[in-house]
Amino acid sequence: MRPSTSTAIPVADRVAGFTYAIRNIVAEARKVEATGVKIRYLNIGDPVPFGFRTPPHLVEAVERAMRDGHNGYAPSPGIVSAREAVAADFTARGLKTSPDRVIITSGASEGIDLALSALVNPGDEVLVPMPTYPLYTAVLAKIAAHAVFYGTHPARGWQPDVAEIESLISPKTRALVVIDPNNPTGAVYPTSTRRALLEMAERRGIVLLADEVYGDLAYDGPIPPMGILAPEAPIISFSSLSKAYVAPGWRAGWLAVGMSDRLDGVLAALKKLADGRLCSPVPMQHAITAALTGDRSHLISLRAALRERAEVTTRRLNAIRGMSSVAPTAAFYAMPQVKLPPGKTDEQYVLALLRKTGVLCVHGSGFGMPPEEGTFRVVFLAPPAELSDIYDQMAVFTEEFLGQP
Ligand SMILES: Cc1ncc(COP(=O)(O)O)c(C=O)c1O
C-alpha cells in the first residue's frame, strides 16, 4: 500500500536542538510588521543596513577576480595568496603562523562548524561562555555533544572566572570556546585572563577555540591574537571579513591552527572535512588578500563610530528605571538587564517591546542566559540620533512593563 500523501515527512531529531534566536525571532517581527508597525531591527550584527560601507578596494578585488576568470573551484583550504595574507597578518601581529595552517572558510561560522566537527565526538563536552554566541550551542546540538556553560556576569563586567572554568573540566571536555572581544556583551578580557585561559588549556590538553571576529573592533585599537601569549598552546583562531571589513554577505573568513605539533592531526582532520565542501566562495577569497595587505584606514572611523554609539547606549540604558547595562569596550553589542517582575521571562519582555514599539532585540536566553535574569541584546549600529529615539521608546515601555503586577 502506498503511504498517504498527507503524512508529513519526518525530520531528523538533531534539528530540534539547533536553535539560533538571532534569526528565529525575526518571524515574530514579520508578523508585527504585517500589522503596519515599523520594525527597528536591532537583532542582527550586520553593519551594512546601517550605512557602513565595505572598503572600495575590497569590492574592486572581488570584481577584478570575477572579470579575470577566478570563477572556478579553488583548492579546499583556499587560494594561496589569501592563506599567505592571513598567515602574514598573524605573523605581523606577533604570532608566527605558516600558510599551510590556515584554511579559508565561508565566514568564521564555517570554521567553527569544521573545528567542532573535527574535535568533538557525540557525548563529549565543550566549555562555552554564558551568554554565548549561539552558533556554538547550535552546532554542538547538531553533533550530539554537550555545551557546558561557564559564567560571565554583569557584576564582573561580563568577565569569566578562570578557576570556575577549570572546575568544569571533565574527562569528556574537548575544547574551550573563548569569544574575545565578546558577542553578545561587548566585553574585552584582560591579558592576564587570556594568558591564564591559554595556560589552562595547554596544561589540561584541551583545545582553545579563539573567536577573534571582533579583534579589530575594540574601541582603543586592535586586540592582538590571543595565541601570541602562548605560541605553543593548542589554539584554533577564527575570524572573517564580516565585521571589521564590513562584508558579512560575502561569507569570507578563515581559521588558523596554532603552530604546536600537537595539533597536526587536527589540522589534517580539518582539511579532510574541508575537502567535502569543496571551497569557500572564490572571488571573495581575493578580497581577503586585499583586506589584509591593503589600506585599513576605514577601521579608525569605524571604531570611533562604534565608541560613540556605545557611549549613547550605556548612558541612555542606565538612565532607564529598573535597567542596567555594562559599558561595552568593543564591537556593536550591549547586554542590558531589567529587573523582571517574578514569573516573567526575558523573551516575554522582548516580545512585548517588539509588539508595543517595533524595536526588535534578542532575549538573553537566546544566548544561553537564564530567562528570569531579564537580559537582552541590543545591536547599536543605528545612527546615534535614531538610537536615542529608540531608547526613548524603550524607557517608556520598560517603566510600564516593570510596573505590571
Ligand atoms: C562571535 C561571533 N563569531 C562568529 C560569527 C560569525 O561570523 P561570520 O559572518 O564570519 O560567519 C559572529 C557573527 O555575528 C559572531 O558574532
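See above for the structure.
Structural notes, computed from the coordinates. Since this is a predicted model, take the numbers as computed values, not measurements.

## Examining the side chain of Thr314
Topologically, Thr314 is positioned in helix H11 (residues 298–318). Residue class for Thr314 comes out buried when judged on its relative accessible area of 15%. Residues within four places of Thr314 in sequence aside, it is in contact with Ser325, Ala327 and Pro328.

## Let's talk about the packing of helix H4 (residues 80–92) against helix H10 (residues 282–293)
Contact geometry of H4 with H10 gives a least axis separation of 8 Å together with a crossing angle of 30°. Taken together, the axis directions place H4 and H10 in an arrangement best described as roughly parallel. By crossing handedness, the relation of H4 to H10 is classed as left-handed. Taken together, the residues of H10 that come into contact with H4 (itself represented by Ser81, Ala82, Ala85, Val86 and Asp89) are Gln285, Ile288, Thr289, Leu292 and Thr293. Looking at the contact of H4 with H10 residue by residue, the class counts come to five nonpolar, four polar and one charged.

## Quick word on the nonpolar core
One recurring pattern in soluble globular proteins is that nonpolar side chains are buried together. Ranked by size, the top nonpolar core spans 136 residues in total, and within it Ile236, Leu241, Tyr349 and Met394 carry the most contacts. Sort the elements by how many residues they give to this core and helix H13 (residues 384–403) lands first, with eight residues. Beyond its immediate stretch of four places on either side in the chain, Ile236 contacts Ala115, Leu119, Val207, Leu208, Leu209, Ala210, Leu255, Ala256, Val257, Val266 and Leu270.

## Describing the side chain of Arg101
Looking at the element boundaries, Arg101 is found in the loop between H4 and strand E2 (102–105). Among the polar contacts made by the side chain of Arg101, one reaches the main-chain carbonyl oxygen of Ser260 at a distance of 3.1 Å. Among residues more than four places away in sequence, those in contact with Arg101 are Leu255, Ala256, Val257, Gly258, Met259, Ser260, Leu263, Asp264 and Leu267.

## Some details on the site of the ligand
Neighbouring the ligand are 15 residues; Ser109, Asn183, Asp211, Tyr214 and Ser242 lie closest to it. One nitrogen or oxygen atom from the side chain of Asp211 is found 2.6 Å from a nitrogen atom belonging to the ligand. Note that an oxygen atom of the ligand is positioned 2.6 Å from one of the side-chain N or O atoms of Tyr214. Isolated, the ligand exposes 400 Å² of accessible area, and the fraction of that covered by the protein chains is 94%. The element that contributes the greatest number of residues to the shell around the ligand is helix H5 (residues 107–119), accounting for four residues. Of the residues contributing to the shell around the ligand, the split by class is seven nonpolar, five polar and three charged.

## Overview of the sheet that holds strand E8 (residues 235–240)
Read across the open sheet, the eight strands follow the order E2-E9-E8-E7-E6-E3-E4-E5; overall the sheet is mixed. Lying at the two open borders of the sheet, with one neighbouring strand each, are E2 and strand E5 (159–160). Pairing analysis gives five bridges linking strand E6 (residues 173–179) to strand E7 (residues 207–211), with the strands arranged parallel. Residue pairing for E7: Ile179 is matched across the bridge by Asp211. On the sheet, H5 packs against E2, strand E3 (125–130), E6, E7, E8 and strand E9 (253–257) and is oriented at approximately 155° with respect to E8.

## Overview of unusual backbone geometry
Look at the link from Asp180 to Pro181: it is a cis peptide, with omega at -5°. Considering the arrangement of structural elements, one finds Pro181 in the loop between E6 and helix H8 (191–204). Here Asn183 and Pro184 are connected by a cis peptide whose omega angle stands at 20°. Relative to the helices and strands, Pro184 resides in the loop between E6 and H8.

## Structural notes on the sheet that holds strand E11 (residues 333–334)
Within the open sheet, the three strands sit side by side as E11-E15-E14. Their pairing is antiparallel. The open sheet has two edge strands, E11 and strand E14 (362–363), and neither has a second partner. Bridge analysis of E14 against strand E15 (residues 376–379) gives two bridges, and the strand direction is antiparallel. For Val362, the partnering residue across the bridge sits in E15 and is Arg377.

## Here's the deal with the packing of H11 against H13
Between H11 and H13, the shortest axis-to-axis distance is 10 Å and the interhelical angle comes to 20°. Considering their axes alone, H11 and H13 lie roughly parallel with respect to each other. Remark: the crossing between H11 and H13 carries right-handed chirality. Each of Glu308, Arg309, Val312, Thr313, Arg316 and Leu317 in H11 lies in contact with H13, whose residues at this interface are Pro384, Leu387, Ser388, Tyr391, Asp392 and Met394. Across the contact of H11 with H13, the residue classes break down as six nonpolar, two polar and four charged.

## Brief notes about H5
The first and last C-alpha atoms of H5 sit 19 Å apart over 13 residues, in line with the 18 Å expected at 1.5 Å per residue. Inspection of H5 places Gly107, Ala108, Glu110, Gly111, Ile112, Leu114, Ala115, Leu116 and Leu119 among the buried residues, and these make up the whole buried set.

## Concerning the pattern of salt bridges
Once the charged atoms of two side chains with opposite charge are near each other, the side chains can pair. Scanning the entire structure with this criterion turns up 20 salt bridges. Across the salt bridge formed by Arg30 and Glu33, the nearest N and O atoms sit 3.5 Å from each other. In this pair, Arg30 and Glu33 both sit in helix H2 (residues 26–34), three residues apart, roughly one turn of the helix. The class of Glu33 is partly exposed, set by a relative accessible area of 32%. Where Glu386 meets Arg40, a salt bridge forms, and the shortest distance between an N and an O atom there is 3.4 Å. Taken as a pair, Glu386 in helix H13 and Arg40 in strand E1 (residues 40–41) lie far apart in primary sequence, 346 residues in all. Owing to a relative accessible area of 30%, Glu386 belongs among the partly exposed residues under this scheme.

Calculation rules
Residues numbered from 1 in each chain as written. Predicted model: local features only at pLDDT ≥ 70, side-chain atom pairs only at ≥ 80, totals over all residues. Heavy atoms only, no water. Helix = DSSP H or I, 4+ residues; strand = E, 2+ residues; numbered from the N terminus. Buried < 20%, exposed > 50% of the residue type's maximum accessible area, 1.4 Å probe, protein only. Contact = heavy atoms within 4.5 Å. Axes fitted to C-alpha atoms, helices over the stretch in contact; angles between N-to-C directions. Parallel < 35°, antiparallel > 145°, perpendicular 65-115°, else oblique. Left-handed = near helix turned anticlockwise from the far one by under 90°. Nonpolar A, V, L, I, M, F, W, Y, C, P; charged D, E, K, R; others polar. Core = buried A, V, L, I, M, F, W, Y, C linked by side-chain atoms within 4.5 Å. Polar contact = N/O pair within 3.5 Å; in protein donor to acceptor, adjacent residues only side chain to side chain. Near = heavy atom within 4 Å. Areas by Shrake-Rupley, 256 points an atom, 1.4 Å probe, with all protein chains shown as cover. Pairing = 2+ DSSP bridges. Expected span 1.5 Å × (residues − 1). Salt bridge = Lys/Arg side-chain N within 4 Å of Asp/Glu carboxyl O.

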